[in-house]
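Architecture at a glance
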Amino acid sequence: SIRSFVSSLPHDSLQTRGFAHSHDVGRRPTRDPDMRSCRTAEETIRMAYDHADTLSPRGTSAFWTLVSRFLQNRDSRPPTRSRRRHDRAVQQRQQMGRQLETILVHTLKGMKTFAYRDLAQTVLALAKIAKAVGKDVKRFPAGSPSHILHGLLVGRNAENKHDIFRRIAIASIPTLPEFDPR
């Protein structure tokens, strides 16, 4: 579970339709997938997951920002009718949950290497997502991105949310002097 992963992190470590360039300090330029071309949260999650091993901090922050924007439009998918479609939808939801967990783990592990801009953008997007999905999980269709993100980012009694944001705060301490005063 994500909570056990977050708890195990040391305190100090914390398409392809197109590609966008990213230049991280001290690293070679990377080519992140251009997730702006995605039309749904599911498509964005799939694209980020397919490139999770190569996503730069800029690409990671762009992913979470896009997911937060998609959640503002709410998940409103009608229930599937046939048994076959239902079974396929269940498998896709389980896969999406694993994909989101992988991306979140990638984000938390790499947080220490984020420049201040990427760190701020990522934390803001995660906070918006946690706020959007944190109220009442029952209002989201089971298996929707909002429902899955509630389980990952908020959890029961907000346990995951507190653990995740505590880890982010600890990982961001070395970056604080770099923050632009604006």
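See the structure above.
Reference entry: report on the structure contained in this document. (Residues numbered from 1 in each chain as written. Predicted model: local features only at pLDDT ≥ 70, side-chain atom pairs only at ≥ 80, totals over all residues. Heavy atoms only, no water.)

1. Some remarks on the packing of aromatic side chains
This structure, assessed with the given rule, holds one aromatic pair. Their ring planes at 70° and their centres at 4.8 Å tell us that Phe-63 and Trp-64 sit as a pair that is edge-to-face. Judged by relative accessible area, which is 1%, Trp-64 ranks as buried. (Phe/Tyr/Trp six-rings, centres within 6.5 Å; stacked < 30°, edge-to-face > 60°. Buried < 20%, exposed > 50% of the residue type's maximum accessible area, 1.4 Å probe, protein only.)

2. Focus: the environment of Gln-121
If you trace the backbone, Gln-121 turns up in helix α5 (residues 116-133). A residue is classified by how much of its surface remains accessible, and Gln-121, at 25% relative accessible area, is partly exposed. For Gln-121 and Arg-58, which are 63 residues apart along the polypeptide, the C-alpha to C-alpha distance reads 8.9 Å. With sequence-adjacent residues up to four places away left out, Gln-121 is seen in contact with Ser-61, Ala-62 and Thr-65. (Helix = DSSP H or I, 4+ residues; strand = E, 2+ residues; numbered from the N terminus. Contact = heavy atoms within 4.5 Å.)

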